[in-house]
Structure formats: C-alpha cells, structure tokens
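Summary of the model geometry
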Amino acid sequence: MSSGNDQQSEALSKPTFSEEQASALAESVFGLKVSKVQPLPSYDDQNFHVYVSKTKNGPTEYVLKISNTKASKNPDRIEVLNHVIMFLKAAGFPTSSVCRTKGDNTASLVSIDSGSEIKSYLVRLLTYLPGRPIAEIPISPQLLYEIGKLAAKLDKTLQKFHHPKLSSLHRKNFIWNLKNVPLLEKYLYVLGQNRNREIVEHVIHLFKEEVKPKLSHFREFLLCHLGWSAVARSQLTAASTSWAQAILPPQTPK
C-alpha cells in the first residue's frame, strides 16, 4: 500500500518478477519443490499462487508475496504483519500460516540485478486459503452480518496483540487510513463530471465538517491486510487504516 503522495513512486517500485523467477525464489528461499506458479492480483506489491508436488504432510498451495522496493526498506512493518497473522492463527481465526525460510526467518531480503541497478525485495510465503472474493458473491443481510461479526471479533482480539515494533504500522499520509479521507480530493478528476463524483464530494465534505473534528474521540486501531483469501474494501470505522478482510469458505453445492 502507498500513501497518496507516494503512489507514483510506489508504482515505479512495484516488482516485475516473471513466473520462472517466482518459482526460483520459492525454491531457493523456502525450499519448495514447485510444480506450477500463477500470478495473483496485487496493488503495489506482487503475488503468486504457488503449487508444489503432493506431500504426505503439509499444504500443497502457497502465496508468495514480494514487497515493492519502498516497502522492502521497512522490514519491521512486514515482521509485525507476519506476527499479527500468527497471533490470529493461534486465536483460532481462519488465517493463512506464515512459512519460514530455509534460514528460519519469516521473510527474506533478496537482491536482483536489473541491469542498471541492484534492487532489493522482501519476500515472504503464506499458505493458500481457498475461497471467493466477497465482490463475486451476492450480498445478503446474513453475509453483511457475518462480516460485521468477524470484524468485531478481530477488533476485540487484536486489542490483546503486542509487539515492540507495532508503531511501524502507523503512516501519516497512508491513503487507506480513513482519517485521510480528504486526501481523496486530489483523485476526484478520475471520476469525471457525473453523479458519482457529486456523491464522493458530498461524503468528503461531510467528513470534514462532522467527522474530522471528532476524530480524537475515536479509539484508533489497525486492521491490516493479512493474506486471507477473500478480501473486501470495507470502511469499518473512521479510524481504521487498511483493508478489512473476511474469509468465505468454499460453499458446498446444494
């Protein structure tokens, strides 16, 4: 993720690994016997769906995550995110598992010679969770209830999470932080002149007038992308800072 001021520079630093290079990383860094690699959607990082040869024990599908060069300069943030995943896993949430490198670390910094310069990328591996993106599933009151229930449970559980590097998650101009809604004004032009723009402008105006003066009264918390398989961009509270995520298990055919 990037802040509004840094979006252009972040885009330039996005990894551009080929499937062959991703396969080589999974093998050299994590010791996997890769049978197939497929690209996955990403924002300013790069993700790959990694398949390995069948084993008697352990998973056969993973997600290889390669951070952009800017994010890779802050390994503390990645370390905290990995520990959040492990914390929630231990608390019983259906999260991915963080995989260790051959050196027994939760992430590895790899350097690549691009020809003109050497670039470094943080690489980590999570187990793959099957599921469907919320955007592909018809919305129902029950589904919204389940998402809200999960978000509340997450909030309550994460209040118990502690890490000495937790402050690394705080970013002043992080555009996904709902405290920074006014930063969206600089992107209104992409909507053109239509009804959608009017709605967004009205929401930003209301935020400035009614929410911003009261932000100090909100309890702030961090709800970050945790590598779960189904993702929804959901504004849960005026102080949340990232993507709200929910796991939707595969549905059994009726």
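Because the structure is a prediction, the values reported are computed rather than measured.

1. Focus: the overall build of the protein chain
- For the protein chain, the helix and strand inventory stands at five helices and five strands.
- Among the 254 residues that make up the protein chain, the fraction classed as buried is 43%.
- Accessible surface, the protein chain: about 14900 Å² in total, of which carbon and sulfur atoms supply 53%.

2. Overview of the side chain of serine 96
- Summarising the element assignment, serine 96 is placed in the loop between helix H3 (75-90) and strand E4 (108-113).
- Judged by relative accessible area, which is 1%, serine 96 ranks as buried.
- At a separation of 3.0 Å, a polar atom in the side chain of serine 96 contacts the main-chain carbonyl oxygen of threonine 127.

3. So, the environment of tyrosine 62
- Considering the arrangement of structural elements, one finds tyrosine 62 in strand E3 (residues 61-66).
- Taking the C-alpha atoms as reference points, tyrosine 62 and tyrosine 128, separated by 66 residues in sequence, lie 4.4 Å from one another.

4. Some details on the sheet that holds E3
- Taken in spatial order, the five strands line up as E1-E2-E3-E5-E4 in an open sheet, and their pairing is antiparallel. Two strands bound the open sheet, and with one partner strand each, they are strand E1 (34-40) and E4. Direction aside, neighbouring strands of the sheet carry axes that sit 30 degrees apart on average.
- Bridge count between E1 and strand E2 (residues 46-52): six bridges; the pairing is antiparallel.

5. Points about the pattern of salt bridges
- Scanning the model with the defined rule gives five salt bridges in all.
- The partner of glutamate 198 in a salt bridge is arginine 195, with the nearest N and O atoms 3.1 Å apart. Of this pair, glutamate 198 and arginine 195 both sit in helix H5 (residues 195-211), three residues apart, which is roughly one turn of the helix.
- A relative accessible area of 57% means that arginine 195 is categorised as exposed.

6. Structural notes on the pairing of E4
- Relative to strand E5 (residues 118-127), E4 runs antiparallel, the two sharing six bridges. Residue pairing for E5: isoleucine 112 is matched across the bridge by lysine 119.
- Linking E4 back to E5 in an antiparallel pair, the connection comprises four residues, with glycine 115 at a positive phi of about 105 degrees.

7. Thoughts on the nonpolar core
- Grouped together as the largest cluster of nonpolar side chains are 20 residues, with contacts concentrated most on Leu25, Leu32, Phe48, Val50, Leu64 and Ile66.
- Listed by contribution, the elements that provide at least two residues to this core are helix H2 (19-30), E1, E2, E3 and E5.
- In terms of residue count, the dominant contributor to this core is H2 (five residues).
- Discounting chain neighbours no more than four positions away, the residues touching phenylalanine 48 are Phe17, Ser18, Glu19, Ala22, Val37, Gln38, Pro39, Leu40, Tyr62, Val63, Leu64 and Ile66.

8. What to know about the packing of aromatic side chains
- Applying the stated criterion to the full structure yields two aromatic pairs.
- Measuring from centroid to centroid gives 5.1 Å for phenylalanine 17 and tyrosine 121, while their planes differ by 80 degrees, and the two rings are edge-to-face. Of this pair, phenylalanine 17 sits in the loop between helix H1 (7-12) and H2 while tyrosine 121 is found in strand E5, placing the two residues 104 residues apart along the sequence.
- Given the relative accessible area of 7%, tyrosine 121 is considered buried.
- Judged by centre distance (5.3 Å) and plane angle (65 degrees), the rings of phenylalanine 87 and phenylalanine 161 are edge-to-face. Of this pair, phenylalanine 87 sits in helix H3 while phenylalanine 161 is found in the loop between helix H4 (141-158) and H5, placing the two residues 74 residues apart along the sequence.
- Residue classification places phenylalanine 161 among the buried positions, given a relative accessible area of 9%.
- In this arrangement the basic side chain of lysine 36 is found over the ring face of tyrosine 51, its NZ or CZ atom lying 4.5 Å from the centre.
- Across from the ring centre of phenylalanine 93, 5.1 Å away, lies the NZ or CZ of lysine 153, which sits over that ring.

9. Brief notes about the packing of H3 against H4
- Their axes nearest at 11 Å, the elements H3 and H4 cross at an angle of 110 degrees. Looking at the two axes, H3 sits roughly perpendicular to H4. For the pair H3 and H4, the contacting residues are Val84, Phe87 and Leu88 in the first and Leu154, Thr157 and Leu158 in the second.
- Of the residues in the contact of H3 with H4, the class split is five nonpolar, one polar and no charged.

10. Examining the confidence of the model for the protein chain
- Put simply, the protein chain has an average pLDDT of 81, and 81% of its residues get 70 or more.
- When the criterion is pLDDT under 50, residues 1-12 qualifies, and its contacts beyond four places in sequence or with other chains add up to 29 contacts.
- Taken as a whole, residues 225-254 scores under 50 in pLDDT and shows 100 contacts with residues more than four places along the chain or in a different chain.

Conventions we followed
Residues numbered from 1 in each chain as written. Predicted model: local features only at pLDDT ≥ 70, side-chain atom pairs only at ≥ 80, totals over all residues. Heavy atoms only, no water. Helix = DSSP H or I, 4+ residues; strand = E, 2+ residues; numbered from the N terminus. Buried < 20%, exposed > 50% of the residue type's maximum accessible area, 1.4 Å probe, protein only. Areas by Shrake-Rupley, 256 points an atom, 1.4 Å probe, with all protein chains shown as cover. Polar contact = N/O pair within 3.5 Å; in protein donor to acceptor, adjacent residues only side chain to side chain. Pairing = 2+ DSSP bridges. Axes fitted to C-alpha atoms, helices over the stretch in contact; angles between N-to-C directions. Salt bridge = Lys/Arg side-chain N within 4 Å of Asp/Glu carboxyl O. Core = buried A, V, L, I, M, F, W, Y, C linked by side-chain atoms within 4.5 Å. Contact = heavy atoms within 4.5 Å. Phe/Tyr/Trp six-rings, centres within 6.5 Å; stacked < 30°, edge-to-face > 60°. Lys NZ or Arg CZ within 6 Å of the ring centre and 35° of its normal. Parallel < 35°, antiparallel > 145°, perpendicular 65-115°, else oblique. Nonpolar A, V, L, I, M, F, W, Y, C, P; charged D, E, K, R; others polar. pLDDT = per-residue confidence, 0-100.

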